[in-house]
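# Commentary on secondary and tertiary structure
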Amino acid sequence: MNDLRSVLAIDLGSGGPKVAVVDETGAILSKGTESVSTIFTLGGGAEQDPHAWWRSVDKAVRTALSDPAVNRQKIVAVSCTGQWSVTAPVDRAGEPLMNAVHWMDSRGAPYTRQLTNGLIKVEGYGLRRLLHWIRITGAVPTHAGADALAHILFIKRERPDIYARTHQLLEPMDYLNLRLTGKFSASYATIFPYLLTDNRDVNDVHYDDGLLQLAGIDRDKLPTLVPVDHVLGLIRPEVAAQWGLPATTQVLCGTADNQTAALGAGSIADATGYISVGTTSWLSCHIPFKKCDLLRSIATMPSAIPGRNIVVAEQGAAGRCLEAVVERMLFADRDMSDPAVRSQAYLDAFAEGANVRPGAEGLIFLPWLNGSGPPAANGDVRGGFLNQTLQTSRGQAVRAVIEGIALNLRWLLPHVERFVGKQFNELRFVGGAAASDLWCQIFADVLDRPMHRIAEPRMATVRGAALHAFMSLGIRRRDEISAMVPVSAVFEPLPANRRTYEALFPHFVACYKRNRTLFTRLNRRREH
């Protein structure tokens, strides 16, 4: 049993929670995972049940705490992170009034388009409102409807009875903290997707009256804001008793998964790049300034580290694409409800993909199954296989999916480097994909950068949430964090593979540019 101080870290991701107990050296002592389903509806709807969030978190926590390596009396704090741009309306008692509107939901898109309209347009945005939003927040409401502001507008316009009864609109990690402490709050880091705060001083983020008035959102329906290193208070006695934790256990303010992934990747110094590929994919790093590149949909948001910003360049579905192909197409005859069967299906898929030559015999996969993200954000674009033949094999399909996700990040890479003002000579790699040697080598070859796989990459966000707690409580200093995140392997680009992917890359980009108008005609939903 470990006698060092430890943190119970919870990451509520799109697919469900990952939970870990992490000690003050950064070692992961135990884990627990559970799943949560997403409900897709006609018209672009995507929702999750907040009650299911809590049930799955409770079950994963109990699993993690049952490990003999865990000394519950040494747990000093709980730290929650997770998916963001997911909006849960709750009443005064903290009870959800409807399913949470998910980041994959696009039903609010017509309302953000209306909100950001104007006579003189730039990239579809009214110039005056565009400049105002960027100046205050560092970003702008997306026309794809993926941000929390779009979700709030959807609720207000199409669920007015729910909006009227709403006491607070919360992100997932802030909902968990409400269950843990009874306090309605959001941190400077988690409130960003609402796009209603003045972020010019990351040490003093506050709601902007002008943006609230412009959007027509009631201030009293938004949570109280706290700094990113704020301790909300003690865990509620009934939750402490339920989990067998000390009554003195403190609860940290919430963080978003991209912020804690940076900590869990050891990407602490400015311009230390990292890639995360799990359900979604992104490329990011810390920087000391606020900035926005509207054309490429790259921005900054307050970091989990006080006084710092982090690059926001999230591309949307990544691992979710492989899941759709493997579970619904290639191995649809297997019982994916059985964890052992599901795990074996992916092992078989990767083995078959590894036996296919780079380039997948010309098969290209476009990973925009829920719209494209940066560097060419477009909610109307869709994906799938291109250049398939009658001889296309299962292994070729698997490899093409992985290559397509990597090529999408390759497209993003130079734009982020220009945004940051520095070339990344190497990239740290976290997320579920990083656990696979096949993924790591393909990414090294496609991006032409050494990929430094972080140890236990699937748990980077929960490790990061724990490290955030240790820093906030004064147990660890910021300059100690990188050394607490070990690299388990380095994958160097292979010259022969590089030439293959360099030849393939312009065709991948051309697939987007030559088909975007067609996708718009096929997929643009009627605005109302």
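Just so we're clear, the structure is a prediction, and the values are computed from it rather than from any experiment.

Moving on, we come to the overall build of the protein. Looking only at helices and strands, one finds 15 helices and 29 strands in the protein. Taking 24 Å as the expected radius of gyration for a compact globule of 528 residues, we find that the protein reaches 22 Å, a close match to that expectation. The principal-axis extents of the C-alpha atoms in the protein amount to approximately 60 × 60 × 45 Å. A fraction of 71% describes how many contacts in the protein between residues 6 or more apart in sequence connect residues 24 or more apart.

Below, the discussion takes up the packing of aromatic side chains. Under the criterion given, the structure shown has eleven aromatic pairs. With 5.6 Å between their ring centres and 80° between their planes, W368 and Y512 make a pair best called edge-to-face. Here W368, found in the loop between strand 25 (364-366) and strand 26 (384-386), pairs with Y512, found in helix 15 (residues 495-523); they are 144 residues apart in sequence, far enough to count as distant. Side by side, W368 and Y512 carry an identical accessibility label, which is buried. An angle of 85° between the planes, with centres 6.4 Å apart, marks the rings of W411 and F508 as edge-to-face.

On to the pairing of strand 2 (residues 16-23). For strand 2, the tally of buried residues reaches seven of eight residues, placing the bulk of the element in the interior. As paired elements, strand 1 (residues 6-13) and strand 2 share eight bridges and run antiparallel to each other. From the neighbouring strand, V7 faces strand 2, where its bridge partner is V22. Counted along the chain from strand 1 to the antiparallel partner strand 2, the turn is two residues long. When strand 2 meets strand 3 (residues 28-33), the two strands line up antiparallel, connected through five bridges. Bridged to V21 within strand 3 is S30.

What follows covers the sheet that holds strand 1. Strand pairs in the sheet, formed through backbone hydrogen bonds, run parallel or antiparallel to each other. The strand order 3-2-1-6-17-16 describes an open sheet built from six strands, whose pairing is mixed. Each edge of the open sheet carries a strand with a single partner, namely strand 3 and strand 16 (231-234). This sheet shows a mean twist of 20° between the axes of neighbouring strands, independent of strand direction. Two elements, strand 16 and strand 17 (residues 250-252), share three bridges in a ladder whose sense is antiparallel. What sits directly across from G233, in strand 17, is V251. Here helix 6 (residues 172-181) sits on the sheet and contacts strand 1, strand 6 (75-82), strand 16 and strand 17; the angle it forms with strand 6, its principal contact strand, is near 150°.

Moving on: helix 11 (residues 339-354). Given a rise of 1.5 Å per residue, 16 residues ought to cover 22 Å, and the 23 Å separating the end C-alpha atoms of helix 11 matches this to within 8%. Elements in contact with the buried residues of helix 11: helix 10 (319-330), helix 12 (394-420) and helix 13 (437-447). The opening residue of helix 11, the one whose side-chain oxygen lies 3.0 Å from the backbone nitrogen of A340, is D338.

Attention now goes to the sheet that holds strand 20 (residues 286-287). The strand order across the open sheet built from four strands is 20-23-22-21, with neighbouring strands paired in antiparallel fashion. Each having just a single partner strand, strand 20 and strand 21 (292-293) make up the two edges of the open sheet. Here strand 22 (residues 298-302) runs beside strand 23 (residues 309-312); their pairing, made up of four bridges, is antiparallel. When the bridges of strand 23 are listed, A299 appears paired with V312.

Before going further, it helps to examine helix 12. Owing to its 3.6 residues per turn, the α-helix aligns residues three or four sequence positions apart on the same side. Between its first and last C-alpha atoms helix 12 spans 39 Å; for 27 residues at 1.5 Å apiece the expected length is 39 Å, and the two agree. At L412, helix 12 is bent by approximately 30°, the largest bend along its length, and proline P414 sits one to four residues beyond. Along helix 12, 24 of the 27 residues are buried, which leaves the element largely enclosed by surrounding structure.

All chains considered together, the criterion is met by 24 salt bridges. Across the pair R449 and E417 runs a salt bridge, and its minimum N-O distance is 3.0 Å. A residue pair is termed long-range when its members are at least 10 positions apart, and R449 in the loop between helix 13 and strand 28 (451-454) and E417 in helix 12 qualify at 32 residues. Both residues of the pair, R449 and E417, belong to the buried class. Within this structure, R320, E323, E327 and R342 form a network of salt bridges that share partners.

Procedures and definitions
Each chain carries its own residue numbering, running from 1 in the written order of its sequence. At least 70 in pLDDT is required for a residue's local features to be given in this predicted model, at least 80 for side-chain atom pairs to be given and counted, and no such filter applies to totals for whole chains, interfaces and linings, which use all residues. Heavy atoms from the whole structure form the basis of all side-chain values; hydrogens and water molecules are not counted. Numbering of helices and strands starts at the N terminus; helices are DSSP runs of H or I of at least 4 residues and strands are runs of E of at least 2. In this description the radius of gyration comes from C-alpha coordinates, and the expected globular size is given by 2.2 Å times residues to the power 0.38. A contact between two residues is defined here by any heavy atoms of the two lying within 4.5 Å. Ring pairs are drawn from Phe, Tyr and Trp, using the six-membered ring of Trp, whenever the two centres fall within 6.5 Å, and their geometry is named by plane angle: stacked under 30 degrees, edge-to-face over 60, tilted for the rest. Exposure categories follow from relative accessible area, calculated using a 1.4 Å probe and restricted to protein chains: below 20% of the type maximum is buried, above 50% is exposed, and the middle band is partly exposed. In short, DSSP must find at least two bridges between two strands for them to pair. Axes here mean lines fitted to C-alpha atoms, for a helix over just the part in contact, with angles spanning 0 to 180 degrees between N-to-C directions. Helix span, as expected, comes to 1.5 Å for every residue beyond the first. Pairing of N or O atoms within 3.5 Å defines a polar contact, subject to two protein rules: one partner must be a possible hydrogen donor and the other a possible acceptor, and residues neighboring in sequence count only if both atoms are side-chain atoms. Note that bend, as reported per residue, equals the angle between axes fitted to the 7 residues terminating at that residue and the 7 residues originating from it. Salt bridges are counted wherever a side-chain nitrogen of Lys or Arg sits within 4 Å of a carboxyl oxygen of Asp or Glu.

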